[in-house]
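Residue-level structure breakdown
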Amino acid sequence: MKSVENLRNLINRVKSHFVSDQVQNFVLFLDDFFPSENIFDFFGFPFLNRLHNAEDEKVKVRKRKFFWLSLLTALIIIGLLVVNFLITFGNSEKFPETIESFCFTGGYTFCLLRCFHLCYWKRDTIRAIIDKLDQHFPHSSRDQLNFEVHKHQRNLKKLYRICLILYIIVWLNYSVIALFSFISEYFGLGFMKIKLAMPIYFPLDPYQPMFYLLIFIVECSTLLVFALTLAAIDVLFCGLVCVLSLEFDVLAQKLAQIDPESDENVEKKLSAIIDDYNELSLIGNELEEIFSLILLVNVFSSITMLCTVVFFIFTPIEFSLMMNFIPALPGVSNQLFCTCYYGQLLETSSLRVADEAYNCNWHGKNLKFRKMILLTMLRAQKPQKLTGWKFMDIGLPAFYWVLQTTYSYFSFLSGLYES
């Protein structure tokens, strides 16, 4: 009953974030970090919830137990995937199973490391970043309407819905195909070969009815935690970058609204804008430092996953494998596109400050004002970027590069398989 009640509360909290009657609801994003916070909290991650300390001690203990149980299960699954990969490696007849084991192992390990990195090692840093962003965020309804905050709100809601729907579809696809294969085999329908949701090693025959159902339930539960956690992490990253981009846009609009002719405090306002820009740049550097290595691994893991997915779709070795990987294609590509899109958005928003500074009516003004405008333009001409460990800039060009690289590796893998 407790699990059902927790699930009902989670659904109600997520629904509350999609109420679009008031623009000011976007402030909730900064208070409890949109639905990502609820997903992390539901699965036992002591993350950014500022009310977490006020919970009952029994609730905390139950969540901690759930978290460590989920972690232990995930580690066991990873170990069984690795064993299955080593057993099938080099066997040409089990080549698809080898590739599938490798993909699941890498995906689970990467997701686990990302969760620990963000939810434990960098938790306090992210909290501090949110507090800093909160100071620059336009909280009043008038300012939010003036600076068009609702546009960012709508984009973020669409992103959350798309991520959650795609990951749930992938989870349902793996689960339903595995269950359908078991049912068809058990009742002698013979439509498809019986298989598990993930190709793990099992010392006994995993396709006996009792063993299969037990393994199926464990695999589906861990896959569900895996899918929802990935969605929460993606929205967490994109949400932080979205708010930072929004605040750069706010500074650009404030520069555009400066009127040196009629405003006596124009130098004071410009000085405040410069200070805010420097603070936002420092926040951007902190975000880049936190996510830099994760973004690099994300790019190359996306190349591997996309190449594998395209390979199994266009080289139909087994029909069930092709059906497994078809829903994964939009999920992986959408996740990478959203990451690159918000990286590009941050770069564009920071450059907009320099454009608005130049368009400001600075001609013929006093020397101090012109120097301040010049310093603002020089500082803002170097855009705020997110990089993959300084190896590459995260933006739309990176997304195009990933697609080109994926096609090259797919061609190589296809030729290797045919030979």
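Residues numbered from 1 in each chain as written. Predicted model: local features only at pLDDT ≥ 70, side-chain atom pairs only at ≥ 80, totals over all residues. Heavy atoms only, no water.

Topic: the overall build of the protein
The test is simple: Numbering of helices and strands runs from the N terminus, with a helix taken as a DSSP run of H or I at least four residues long and a strand as a DSSP run of E at least two residues long. Here's how the labels work: a residue is buried when its accessible area is under 20% of the maximum for its type, exposed when over 50%, partly exposed in between, all with a 1.4 Å probe on protein chains only. Residues count as neighbours in contact if any of their non-hydrogen atoms are within 4.5 Å of one another. Values of accessible area rely on a 1.4 Å probe in the Shrake-Rupley scheme; residue burial ignores everything except the protein chains shown.
Looking only at helices and strands, one finds 14 helices and zero strands in the protein. Reading the protein from its N end, one meets helices and strands in the order α-α-α-α-α-α-α-α-α-α-α-α-α-α. A total of 419 residues make up the protein; the buried ones form 50% of that total. Intrachain contacts of the protein at a sequence separation of at least 6 include 77% that bridge at least 24 residues. Taken as a whole, the protein presents about 21,100 Å² of accessible surface, with 63% of it coming from carbon and sulfur.

What about the packing of aromatic side chains?
What counts here: Put simply, two rings from Phe, Tyr or Trp (the six-membered ring, in Trp's case) pair if the centres are within 6.5 Å, and we call them stacked under 30 degrees between planes, edge-to-face over 60, tilted for the rest.
Tallying each qualifying case throughout the model produces 14 aromatic pairs. Taking the centre distance of 6.0 Å and the plane angle of 40° together, the rings of F85 and F102 count as tilted. Separated by 17 residues along the polypeptide, F85 in helix α4 (residues 57-88) and F102 in helix α5 (residues 95-121) bring together distant segments of the chain. F85 gets classed as partly exposed once you look at its relative accessible area, which sits at 21%. Between Y212 and F216 the ring centres are 6.1 Å apart and the planes differ by 15°, which places this aromatic pair in the stacked class. Here Y212 and its partner F216 are both found in helix α9 (residues 209-256), four residues apart, which amounts to about one turn of the helix. Each member of the pair, Y212 as well as F216, is classed as buried. Aromatic ring contacts, followed pair by pair, group F337, Y341, Y342, F399 and Y400 into a single cluster.

Some thoughts on the UniProt feature "transmembrane region" (unreviewed entry) in the protein
Formally: UniProt positions are given in the numbering used here, feature names are shortened, and annotations may be inferred rather than shown by experiment.
UniProt annotation of "transmembrane region" (unreviewed entry) refers to residues 66-87, 99-120, 159-183, 211-244, 290-314 and 398-417 when read in the numbering used here. In the segment residues 159-183, helix accounts for 100% and strand for 0%; the C-alpha atoms at its two ends are 36 Å apart. Along residues 398-417 the backbone is 100% helical and 0% strand, and the end-to-end C-alpha distance reaches 28 Å.

Here we look at unusual backbone geometry
Backbone geometry at W389 places phi at a positive 60°, although glycine is not the residue there. Tracing the backbone shows W389 in the loop between α13 (367-380) and α14 (396-418). Within the chain, K390 stands out as a residue other than glycine whose phi angle is a positive 65°. Among the structural elements, K390 can be located in the loop between α13 and α14.

Quick word on the pattern of salt bridges
In plain terms, the rule: When a carboxyl oxygen of Asp or Glu is within 4 Å of a side-chain nitrogen of Lys or Arg, the pair counts as a salt bridge.
Tallied over the full model, the rule gives seven salt bridges. For K390, the salt bridge is made with E288, and the minimal N-O distance between the two is 3.3 Å. Highlighted residues: K390 in the loop between α13 and α14 and E288 in helix α10 (residues 266-314), separated in sequence by 102 residues. A residue is classified by how much of its surface remains accessible, and K390, at 66% relative accessible area, is exposed. Where R352 meets E356, a salt bridge forms, and the shortest distance between an N and an O atom there is 3.9 Å.

Here's the deal with the packing of α10 against α14
Quick note on the threshold: Every axis corresponds to a line fitted to the C-alpha atoms, with the helix fit spanning only the stretch in contact, and the corresponding angles, defined between N-to-C directions, vary from 0 to 180 degrees. Relative orientations are named as follows: roughly parallel for angles under 35 degrees, roughly antiparallel for angles over 145 degrees, roughly perpendicular for angles from 65 to 115 degrees, and oblique for any other angle. Crossings are sorted by hand: turned counterclockwise from the far helix by less than a right angle, the near helix makes the crossing left-handed, and turned clockwise it makes it right-handed. Following the grouping adopted for this structure description, the nonpolar residues are Ala, Val, Leu, Ile, Met, Phe, Trp, Tyr, Cys and Pro, the charged ones are Asp, Glu, Lys and Arg, and the polar ones are all others, Gly among them.
Here α10 crosses α14 at 50°, and the two axes come no closer than 9 Å. In this view, α10 runs oblique relative to α14, as classed from their interaxial angle. Here α10 runs over α14; the crossing is right-handed. In this structure, α10 contributes V299, F300, I303, L306, C307, V310, F311 and F314 to the contact, and α14 contributes W401, V402, T405, T406, Y409, F410, L413, S414 and Y417. Residue composition of the contact of α10 with α14, by class: 14 nonpolar, three polar and no charged.

With respect to the environment of N334
Relative to the assigned elements, N334 resides in helix α12 (residues 328-359). A C-alpha to C-alpha distance of 8.6 Å links N334 and L166, two positions 168 residues apart in sequence. Filtering out sequence-adjacent residues up to four positions away, N334 remains in contact with I162, C163 and L166.

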